Amino acid sequence: MPEAQDLMGLGNGAIVAPAGHGKTELIAKVAALGRRALILTHTHAGVHAIRARLKRLKVPHSAVAVDTIAGWSMRYSHAFPGIAQPCEGMPVGAQWDELYIGTNQALGVSAVRQVVEASYDRILIDEYQDCHLLQHELATTLSGIVPTLVFGDPMQGIFEFAGATLSWEDTIHPQFPLVHTLDVPYRWRDKNPELGKWIAEVRERLICGDEIDLSGGAAVFRQADNAFDMGPLFEGFEGTEGSFAAIHCNKGICNRLAGAAGGGYQAIEEIAARRLQEFAVAWDSSGSLRDRSIAIKTLIRDCINIKELPEGKGETPADAAINAEIRAVGAEIFGLDAASAGATALALVRKRSRYRVYRNELWRDVERAIGDVAVGRYDSMTEAADGVRHRTSMVGRKLPRRTVSTPLLLKGLEFDHVVIPDATHFVGEQLAQAKLFYVAISRATCSLTITSREQRVQFSVPSL
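Everything in this summary refers to the structure shown in the same document.

Parameters and conventions
Starting from 1, residues in each chain are numbered consecutively following that chain's sequence as written. Residues qualify for local features only when their pLDDT is at least 70, as the model is predicted, and side-chain atom pairs are given and counted only at 80 or more; totals for whole chains, interfaces and linings, by contrast, use all residues. Excluding hydrogens and water, the side-chain values take into account all heavy atoms of the structure. Only buried Ala, Val, Leu, Ile, Met, Phe, Trp, Tyr and Cys residues count toward a nonpolar core, and they belong to the same one when joined by side-chain atoms within 4.5 Å. Partly exposed residues are those whose accessible area sits between 20% and 50% of the maximum for their type, while under 20% is buried and over 50% is exposed, using a 1.4 Å probe and protein chains only. Under the scheme used here, helices are H or I runs from DSSP no shorter than 4 residues and strands are E runs no shorter than 2 residues, and both carry numbers assigned from the N terminus. Any two residues having at least one pair of non-hydrogen atoms within 4.5 Å are treated as being in contact. Counting of polar contacts relies on pairs of N or O atoms within 3.5 Å, with two restrictions inside protein: one atom must be capable of donating a hydrogen and the other of accepting it, and residues adjacent in sequence are counted only when both atoms are side-chain atoms. Here a Phe, Tyr or Trp ring, Trp counted by its six-membered ring, pairs with any other such ring whose centre lies within 6.5 Å, and the pair is stacked when the planes are under 30 degrees apart, edge-to-face when over 60, and tilted otherwise. Only when the NZ of Lys or the CZ of Arg is both within 6 Å of the ring centre and within 35 degrees of the ring normal is a charge said to sit over the ring. The method works on a 1 Å grid over the protein atoms by themselves. A cavity is a set of points holding a 1.4 Å probe that cannot get out, a pocket is an open set with protein on both sides within 12 Å along at least five of seven lines, and residues with an atom within 4 Å of a point line them. Grid points are joined across faces, edges and corners, and a volume is the space filled by probe spheres set on the points. Under the convention adopted here, Pro, Cys and the residues Ala, Val, Leu, Ile, Met, Phe, Trp and Tyr are nonpolar, Asp, Glu, Lys and Arg are charged, and Gly plus all remaining residues are polar.

**What to know about the nonpolar core**
One recurring pattern in soluble globular proteins: nonpolar side chains tend to sit buried together. Ranked by internal contacts, the top residues of the largest apolar core, which has 36 residues, are Trp-198, Leu-206, Ile-420, Phe-437, Ile-441, Leu-448 and Ile-450. When contributions to this core are tallied by element, the ones reaching two or more residues are helix H11 (193-208), strand S9 (244-247), strand S14 (415-420), helix H21 (433-441) and strand S15 (444-452). Looking at this core element by element, the count peaks at 7 residues for H21. If sequence neighbours within four positions are ignored, Trp-198 has contacts with Asp-213, Gly-216, Gly-217, Ala-218, Ala-219, Ile-441, Leu-448 and Ile-450.

**Digging into the environment of His-21**
Position of His-21 among the secondary structure elements: in the loop between strand S1 (13-16) and helix H2 (23-33). Exposure remark for His-21: the relative accessible area of 7% places this residue in the buried category. A C-alpha to C-alpha distance of 12 Å links His-21 and Arg-443, two positions 422 residues apart in sequence. Among the polar contacts listed, one links the side chain of His-21 to the backbone oxygen of Ala-19, at a separation of 2.8 Å.

**Digging into the packing of aromatic side chains**
Counted under the stated rule, the structure contains 9 aromatic pairs. Ring centres of Phe-159 and Phe-161 lie 5.8 Å apart, and the angle between their planes is 45 degrees; this geometry places the pair in the tilted category. Ring centres of Phe-237 and Phe-244 lie 5.1 Å apart, and the angle between their planes is 80 degrees; on these two criteria the pair is classed as edge-to-face. With relative accessibility at 9%, the residue Phe-237 sits in the buried group. Lying across the ring of Tyr-438, Arg-203 places its NZ or CZ 5.7 Å from the centre.

**Comments concerning empty space enclosed by the protein**
If you walk through the whole model with that rule in mind, you get 1 cavity of 30 Å³ or more. Put simply, the largest cavity is a space of about 40 Å³. Contributing to the lining of the largest cavity are Leu-40, Ile-69, Trp-72, Ser-73, Ile-125, Cys-131, Gln-135, Leu-138, Ala-139 and Leu-142. When residues in the lining of the largest cavity are grouped by element, the largest group, 4 residues, is from helix H8 (residues 133-143). Residues that form the lining of the largest cavity fall into these classes: 8 nonpolar, 2 polar and no charged.

Worth remembering: the numbers are spatial, not functional.
Laid out in structure tokens, this is it:
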């Protein structure tokens, strides 16, 4: 790893950082050396991670500003609205493009450039592989005002579907010349060095489009006909400490895997909270008690695994009593106090002995939203759902001990133990198949289990 002091003496440049190779630590150390650095990244989770690292290094708040690219652009565009012409409120759809264009126009004004130059002596941009062209143009403009270093890994550029398709060789390096490629796999050094070495070797093979032997390295390979072989998710982990993640590219299959695991793994929700929004719309637009009941029953179907009754057995007395309470309160979910009745119904549903919630985040989000309406904090479920989504985007989500989710939602995180169900499904991805596979396997720090119908897989050569 290069010394932070050496990077401070450079002008504009790029550091390529494979997963787990100390990128966040290096960013924090570089930021700590200047008068005042600006660190930009893409997500609030990334902001939290960087701030946590700065705190650990005892870097004073006054020395570093950390923000998302979107958040910083919104602040500057609203500070100079006559030039940037930002939209009212939170941008939607194409308004985000207009925001970056407007901010870039504002940075072309001498007085605005002087403000930036006086505010920062170094700009550091994280996860640069996730930038699209307008964000790159904004970074290029900033680099003409203040020396700028960008950090990223072309092999983790899995947001191709969202326009993050910049070529490092043709587009990024002409503006930000390659300074260094990090080569020490810190993530695995004290946990499983052989696994770190194998993942690094697989990365190089993926870049070349070479065949990958899933049984030929530090990962555990298990033959499986499909993603729903539950054995690899649990067998051999009895009494094992640490965090677990099962990773599949299809969100629907992740939800089904969590359901099949009976709550043993939890499916996590995206920050946009689309299913929460759907429930809110269904609740607000309900024209009858039947409509409200359907909204709740559909939520139960999407969140809860219901264990079958043993043959010849009926409900336990406790469950029968809970069911009676639910029927009573359910009659009120279209009344004057509908939200309170709904909140009570959701709390009662959880108590059924045969019910196991496998989308806890979604269920809790709905409980928070309906609770906010019940106490009068919001007038509608849609407004309450927006409030929950906004709070979550700011503070992030707390992951359960056992998670099942997609590479998109788990990128940037790490887990002690990772299971990849049916690795051959990555080959069927329309975009970024090799990158998605690399992001998935590089989340593991202690153990990696890969299941597949075939012992060998091969992906298209990635666009870098």
